[in-house]
Amino acid sequence: MNKGPLSGLLVLDLTRVLVGPYCTMILSDLGARVIKVEAPGVGDDSRGFGPFIEDQSAYFMSLNRNKESIALNLKVEEDKKIFEKILDKTDILVENFKPGTLTKWGYGWENLKDKYPKLIYASASGFGQTGPLKELPAYDMVVQGMGGLMSVTGQPNSEPTRVGTSIGDITAGLFTAIGINAALYDRQKTGKGMYIDVSMLDCQIAILENAIARYLSKGEIPKPMGSRHPSISPFEAFKTKDSYIIIAAGNDKLFEGMCKVFDLELYKDAKFKTNADRNKNIEELKKILEDKLKDKTTSEWCKVLEAKRIPCGPINNIKEAVESPQTKARNMIVSAMHNKIGEFKMAGNPIKMSSYEDKNTRGEIPNLDQHREKILKEFGI
């Protein structure tokens, strides 16, 4: 049995590709049992996405650890009976079909809410269940663009730049998981389930923080600034002798401490005394700092700055990030088993809980329809 705060809960996973599977992976990591319903013959679309190990999708495997798979066609009467048997025991249903699809098949929220009054039903879609765009499909990059994120990403005057991970999908998966956990707490108090509607585009608006604050308070339309923070200085990547270093001196005390490391007295200079002053004179400040930083390597400067507790760090590539001692110490690379390729390594769960062990293994990765017989027997079908 999967151990965690959500142990004993059954999740019926009707999701595919990234936003939904990411959400249900979080629920599984927190202890829930996840039964993944896939299309017969083809399964989750991401089973066909690379990279591949032999003929198995590493993309799919990285998102679907510790889930059970059954293939069902919800337009076929026999499969609908199987689905409804599982639904009788389900606590949480998660889906990311185009709005209206499950309603057409007889399994929308309005179809189910009276028959299953304790059911928590979560829908994650590109634009949500309301609004003029609700019926349109969307992928991660579409909402990164429409949500304003790409307009503030990249170097000044550069071509549009996608954020280097599928943040449109992932934030929606995270917000869906948050909503589900809040609904579970509400169900404890009321005894009733509820419907959760998460839009990928909404989630992009929700994470714009400084950019949206600048526009709504000042009427400014932010533009790409490279690595620089729009409101805090120094807070960006600086050139060193061999590469770049991130320095984030987020307040006056940290700025003074940084200056002392560099044997500079800029904190006494009226042009740099406060954060507002530094923001006005950031180009001059950057030149002064880089003139000093060019004397040593990034690694050498990190050691000196870290010793004085000045926030800093290198810009790691993926290999360096994955293999860093900190990543290993936090158990952020774990493994799951696949019955064909054996052990498969993937990112771990960043939520560490004192009452539950953060194991370095994550159960099994399912083949399509692998658990049919087990599920049919268990649910008396």
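My aim in this report is to walk through the structure given alongside it, one point at a time. (Residues numbered from 1 in each chain as written. Predicted model: local features only at pLDDT ≥ 70, side-chain atom pairs only at ≥ 80, totals over all residues. Heavy atoms only, no water.)

## Considerations on helix α1 (residues 19-29)
- With respect to burial, α1 is a largely interior element, 10 of its 11 residues being buried.
- Structurally, α1 contributes buried residues whose contacts are with β1 (10-14), β2 (33-38), β6 (92-95), β7 (120-125), α7 (167-190) and β14 (361-364).
- Count one or two residues on from α1 and you reach Gly31, which has phi positive near 115 degrees. (Buried < 20%, exposed > 50% of the residue type's maximum accessible area, 1.4 Å probe, protein only. Helix = DSSP H or I, 4+ residues; strand = E, 2+ residues; numbered from the N terminus. Contact = heavy atoms within 4.5 Å.)

## Some details on the layout of surface pockets
- Of the pockets and cavities examined, the largest pocket occupies roughly 970 Å³.
- Taken together, 32 residues make up the lining of the largest pocket; nearest its centre are Val152, Met225, Gly226, Ser227 and Arg228.
- For the lining of the largest pocket, the secondary-structure elements that each account for two or more residues are α9 (209-218), β9 (235-239) and β10 (244-248).
- Here the element with the most residues in the lining of the largest pocket is α9; it accounts for four residues.
- Partitioned by chemical class, the residues of the lining of the largest pocket number 19 nonpolar, six polar and seven charged. (1 Å grid on protein atoms, 1.4 Å probe; cavity = no way out; pocket = protein on both sides within 12 Å on 5 of 7 lines; lining within 4 Å. Points joined across faces, edges and corners; volume = space filled by probe spheres on them. Nonpolar A, V, L, I, M, F, W, Y, C, P; charged D, E, K, R; others polar.)

## A few points about a nonpolar patch on the surface
- Among the surface-exposed residues, Leu133, Leu136, Tyr139, Val142 and Met146 lie close enough to one another that they form a single nonpolar patch of about 480 Å² accessible area.
- With respect to the helices and strands, the residue Met146 is situated in helix α6 (residues 140-146).
- By relative accessible area, which is 46% here, Met146 ends up partly exposed. (Patch = residues over 30% accessible without salt bridge, like charges linked within 9 Å, V, L, I, M, F, W, Y side chains within 5 Å. Areas by Shrake-Rupley, 256 points an atom, 1.4 Å probe, with all protein chains shown as cover. Salt bridge = Lys/Arg side-chain N within 4 Å of Asp/Glu carboxyl O.)

## So, the sheet that holds strand β13 (residues 342-347)
- Spatial ordering of the open sheet is given by β13-β12-β14, a layout of three strands whose pairing is mixed. Only two strands of the sheet have a single partner each, and these edge strands are β13 and β14. Direction aside, neighbouring strands of the sheet carry axes that sit 25 degrees apart on average.
- By the bridge criterion, two bridges tie strand β12 (residues 333-338) to β14 in an arrangement that is parallel. Among the inter-strand pairings, Met337 is bridged to a residue of β14, identified as Glu364. (Pairing = 2+ DSSP bridges. Axes fitted to C-alpha atoms, helices over the stretch in contact; angles between N-to-C directions.)

## Some remarks on the sheet that holds β1
- Pairing in this open sheet of six strands is parallel, and the strands run β5-β2-β1-β6-β7-β8 from one edge to the other. Each of the sheet's edge strands pairs with one partner strand only, and the pair in question is β5 (68-71) and β8 (194-199). Direction aside, the axes of adjacent strands within the sheet are offset by 20 degrees on average.
- With four bridges joining them, β6 and β7 adopt parallel strand pairing. Counted as the bridge partner of Glu95 is Ser123 from β7.
- Across the sheet, helix α3 (residues 77-87) touches β1, β2, β5 and β6, and the angle it forms with β1 is around 145 degrees.
- Contacting β6, β7 and β8, α7 runs over the sheet at an angle of about 165 degrees to β8.

## A short note on unusual backbone geometry
- Here the amide bond leading from Gly50 into Pro51 is cis, since omega sits at 5 degrees, within 30 degrees of zero.
- Mapped onto the secondary structure, Pro51 falls in the loop between β2 and β3 (52-53).
- The omega angle of the peptide bond from Ser233 to Pro234 is -5 degrees, so this bond is cis rather than trans.
- Its location among the elements puts Pro234 in the loop between α9 and β9.
- Within the chain, Asn66 stands out as a residue other than glycine whose phi angle is a positive 55 degrees.
- Tracing the backbone through its elements, the reader meets Asn66 in the loop between α2 (58-61) and β5.
- In this model, Asp369 sits at a positive phi of 65 degrees, which is unusual for a non-glycine residue.
- Position of Asp369 relative to the elements: it lies in the loop between β14 and α16 (372-378).
- We classify Asp369 as partly exposed; its relative accessible area is 24%.

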